[in-house]
Every structure is written in structure tokens, then in C-alpha cells.
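Each chain, written out:
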Amino acid sequence: MKENKFYSGDLAEIIITEEQIKKRIKELAEEISACYEPGEELVMICILRGAVMFMADLSREINLPVIFDFMDVSSYGTGTSSSGTVRIIKDLQENIEGRHVLIVEDILDTGKTLKHVIAMLETRRPASIKVVTLLDKPERRVVKHIVADFNGFEIPDKFVVGYGLDYAEKYRNLPFIAVLKEELYS
Ligand code: PRP
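Residues numbered from 1 in each chain as written. Predicted model: local features only at pLDDT ≥ 70, side-chain atom pairs only at ≥ 80, totals over all residues. Heavy atoms only, no water.

## Notes on unusual backbone geometry
What counts is decided by this rule: Here a strand is any run of E in DSSP of at least two residues, a helix any run of H or I of at least four, and the numbering for each starts at the N terminus.
With an omega dihedral of -5 degrees, the bond running from Leu48 to Arg49 counts as a cis peptide bond. Positive phi outside glycine occurs at Glu169, with the angle close to 75 degrees. Relative to the helices and strands, Glu169 is located in the loop between strand E8 (160-161) and strand E9 (177-180). If you check the backbone angles, Tyr171 has positive phi at about 75 degrees while not being a glycine. Structurally, Tyr171 is set in the loop between E8 and E9.

Structure, rendered in C-alpha cells:
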């Protein structure tokens, strides 16, 4: 474990190490690459800001031509539970009509964010839409039909930070996934 003197006292436990993330990303990239025709172009859509690390590492392992685009949606503000309101802050720059789209998420929780994002992207008539998420908290799902096509790790209903995930914008630069001490947000 790499110590981070600013954050280490805030963490209850590390639940996914840097090595486990690296290994799982390689496996996911293989699965994803095998799902498309060789040489087929993939538009990877990073949902800001939490999925930045995952997008950067996953894309480098994918054996297909990849285009990057970014969409910023917000449902949480600075709290720890979903407000149910999904705001589009930044839209795509690419025209996705007729193209293969892979939505890249850091965490799938209630499913409200993905429900909105998928519905919006479907109206733009892409050739396909698939979803990859690094983390999945199935216990928290409200929108039951939302499932990721590719899922890194299933995790319990605990508040996690690191590897892109924040609490009040902090902890994103931790290289692993950790549970935040409850006293910090309760
Ligand atoms: C988080 C996460 C997902 C969403 C998942 O984003 O990155 O986009 O919440 O939750 P849901 O399944 O309950 O909708 P957040 O709004 O915290 O923004 P961030 O990625 O910038 O931290």
C-alpha cells in the first residue's frame, strides 16, 4: 500500500488494491476487445469526473481503435447519497450516430445516472451502446433494469473513495479503493 500522509487517517480499510485494479482492468479490456469486430472503432465516453482514472487505464489495454469523449453529469453534489436529480453539465463533442459507444463509469449505484445517460444517448442513434463500470453496488440499485455489460468488482454498500472516486472532491488521487471512515461524513 502506498501511504498518503494527507488521507491515510481518514480511511477505514482498503478493499481493492492497486494490483487488483490493474489485473482486473486487463481482463476487462480483453473481454471488451473480443466483443467487437477486429479493427472496429469504439467511442469511449468517460462520465466525469470519477471515471477519469479508469478510462485512462482501461483504454490503454483495449485492442481496438478508440476515440475519447467526455460527458459531465452530476447527481450527488457533495453528499453521499443520490439526490435523484441528474444534471447534464457537459455534453459530448462527438456525433455518435452509427458508431459503437462504450460508456465508462467508475461506480454503478442506484442506476439513476446511467438510466438518464443511456436514454439520452439512444436518441442519437449509435450503432450500439455498452456500459463498463469499475464498481457495482447491486444492493443499492433503484432502477432495477440497469446493468453493466462489463463489471470490474461487485462491492458491498459502503462509502468508498479512491481511484477517481471522491468524497467532497477529495481522495480521487488514491491509487486504490478504500472505505471512508464513517465519522467523516455522518
Ligand atoms: C457518481 C458516479 C456515477 C454516479 C453513480 O457520480 O461517478 O456517475 O454517481 O450513481 P447512481 O448509480 O446512483 O446514479 P457523481 O455524481 O458523484 O460525480 P463524480 O463522478 O464527478 O464524483
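## Re the sheet that holds strand E4 (residues 87-90)
Quick note on the threshold: The pairing criterion for strands is at least two bridges between them, as found by DSSP. As a rule, the C-alpha atoms of each element are fitted with a line to give its axis, helices using only the stretch in contact, and angles between N-to-C directions run from 0 to 180 degrees. In what follows, a contact means two residues having at least one pair of non-hydrogen atoms within 4.5 Å.
Spatial ordering of the open sheet is given by E4-E3-E2-E5-E6-E7, a layout of six strands whose pairing is mixed. Strand pairing shows two members of the sheet lacking a second neighbour, E4 and strand E7 (150-154), which therefore form its edges. Neighbour-to-neighbour, the strand axes of this sheet turn through a mean angle of 25 degrees, independent of strand direction. Strand direction decides the pairing type here: strand E2 (residues 42-48) and strand E5 (residues 100-108), joined by five bridges, are parallel. By the bridge assignment, Ile45 is partnered in E5 with Ile103. Lying on the sheet, helix H3 (residues 112-122) is in contact with E2, strand E3 (66-74), E4, E5 and strand E6 (128-136); it crosses E5 at an angle near 170 degrees.

## A look at the side chain of Asp72
Quick note on the threshold: Buried means the residue's accessible area, taken with a 1.4 Å probe over protein chains only, is under 20% of the maximum for its type, while exposed means over 50%, and partly exposed covers the values in between. The charged-residue count follows a simple rule in which Lys and Arg add positive charge and Asp and Glu add negative charge, with His and chain termini not counted at all. The term salt bridge refers to a side-chain nitrogen of Lys or Arg lying within 4 Å of a carboxyl oxygen of Asp or Glu.
Within the fold, Asp72 resides in strand E3. No salt bridge is formed by the buried Asp72. Its closest oppositely charged neighbour is Arg49, at 4.9 Å. When near neighbours in sequence (up to four residues on either side) are disregarded, Asp72 contacts Leu48, Arg49, Arg87, Ile88, Ile89 and Lys90.

## What about helix H1 (residues 18-34)?
Here is the rule we go by: Helix span, expected: 1.5 Å multiplied by one less than the number of residues in the helix. What the arc describes is the spread of directions from the helix axis to the C-beta atoms.
The terminal C-alpha atoms of H1 lie 25 Å apart, and with 17 residues this matches the ideal 24 Å at 1.5 Å per residue to within 8%. Along H1, the positions that sit buried rather than exposed are Glu18, Ile21, Arg24, Ile25, Leu28, Ala29, Ile32 and Ser33. Along the axis of H1, the buried positions cluster into a sector of 170 degrees, meaning they face one direction only. Exposed residues lying more than 90 degrees from the buried face of H1 are Glu19, Lys23, Glu30 and Ala34.

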